[in-house]
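Observations on the three-dimensional arrangement
Chain by chain, the residues run as shown.
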Amino acid sequence: IEIINQQRSFTIIDSENIILDYFGELNPTIVTFFVNMSYQIQLGTFDVLSDFLDVAGTFNNWDGSDDKLSLVDNNRYPLSISNVSIDDEIEFKFRINGNWDTSEFSGMGDNRSHTVVQGNNILEYWFNNESN
């Protein structure tokens, strides 16, 4: 067995840096959601101090209780999941406080959808597709 000592370096470009590193260079399939809540905060329908955001979809049996998004900066909420496979066609909705009455597109039945590709799937949205 030959062990090679390799060092990794990273240059910080700005305040929004994400470093993904995988053991043995295995690159799993990951979906990362970014949801901007700025407009909902402006409308008063989302309070960063008392409300939370989750995602419910086909990948978690429409139960987002274990998939809560956490505020990073600029009212953006990210979450990464890895329990998906290449070519999975996932459907999902973001919900305020885990409540279907305060989910995106409430009453309309529309779901977001995405076909998973190998590697990193970066999905960026505004809640309810509403931006200010």
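Only a predicted model underlies this, so the values are computations on that prediction, with no experimental measurement involved. (Residues numbered from 1 in each chain as written. Predicted model: local features only at pLDDT ≥ 70, side-chain atom pairs only at ≥ 80, totals over all residues. Heavy atoms only, no water.)

1. Notes on the environment of H114
This is how it is decided: Only DSSP runs of H or I reaching four residues or more are called helices, and only runs of E reaching two or more are called strands; each is numbered from the N terminus. Three exposure classes are used, based on accessible area relative to the maximum for each residue type with a 1.4 Å probe and protein chains only: buried under 20%, partly exposed in between, and exposed over 50%. Two residues qualify as a contact provided that any one of their heavy atoms is within 4.5 Å of a heavy atom in the partner residue. Whenever a nitrogen or oxygen atom comes within 3.5 Å of another N or O atom, the pair is scored as a polar contact, on the condition that within protein one atom can donate a hydrogen and the other can accept it, and that pairs from neighbouring residues in sequence are kept only if both atoms are in side chains.
Turning to its location among the elements, H114 is positioned in strand β6 (residues 112–115). Overall, the relative accessible area of 19% leaves H114 in the buried class. The spatial distance from the C-alpha of H114 to the C-alpha of E91 is 6.7 Å, given a sequence separation of 23 residues. In this structure, H114 is in contact with D88, E89, I90, F92, N121 and L123, ignoring residues within four places of it in sequence. Only 2.9 Å separates the side chain of H114 from the side chain of N121, close enough to count as a polar contact.

2. As for the nonpolar core
Spelled out, the test is: Side-chain atoms within 4.5 Å link the members of a nonpolar core, which is a set of buried Ala, Val, Leu, Ile, Met, Phe, Trp, Tyr and Cys residues.
Counting residues in each nonpolar core, the largest one holds 21 residues, and the members touching the most others are F33, L53, F92 and F94. Mapped onto this core, the elements with two or more residues apiece are β1 (30–36), β2 (53–57), β4 (76–81), β5 (89–96) and β7 (120–126). A per-element tally of this core places β5 first, with four residues. In this structure, L53 is in contact with V35, M37, F46, D67, K68, L69, Y77, F94, R95, I96 and F127, ignoring residues within four places of it in sequence.

3. Re the pattern of salt bridges
A side chain with one charge may pair with a side chain of the opposite charge, provided their charged atoms come close. Applied cut-off: Take a side-chain nitrogen of Lys or Arg and a carboxyl oxygen of Asp or Glu: if they are within 4 Å of each other, that pair is a salt bridge.
On inspection of all chains with the given rule, the structure shows three salt bridges. The partner of R112 in a salt bridge is E104, with the nearest N and O atoms 2.7 Å apart. Among the residues examined, R112 registers a relative accessible area of 7% and is labelled buried.

4. Section: the sheet that holds β2
Across a sheet, paired strands are connected by hydrogen bonds in the backbone, their directions being either parallel or antiparallel. What counts here: Strands qualify as paired when DSSP identifies two bridges or more between them.
Spatial strand order, β3-β2-β5-β6: four strands in an open sheet with antiparallel pairing. In the strand order of this sheet, the two ends are held by β3 (68–69) and β6, each with one partner.

5. Describing the sheet that holds β4
Where we set the bar: Every axis corresponds to a line fitted to the C-alpha atoms, with the helix fit spanning only the stretch in contact, and the corresponding angles, defined between N-to-C directions, vary from 0 to 180 degrees.
Here three strands make up an open sheet; going across it, the order is β4-β1-β7 and the pairing mixed. The sheet is open, and its two edges are formed by β4 and β7, each paired on a single side. Strand-to-strand twist of the sheet, defined as the mean angle between neighbouring strand axes without regard to direction, takes the value 15°. As paired strands, β1 and β7 are joined by seven bridges and run parallel to one another. Each bridged residue has a counterpart across the sheet, and for V31 the counterpart in β7 is N121.

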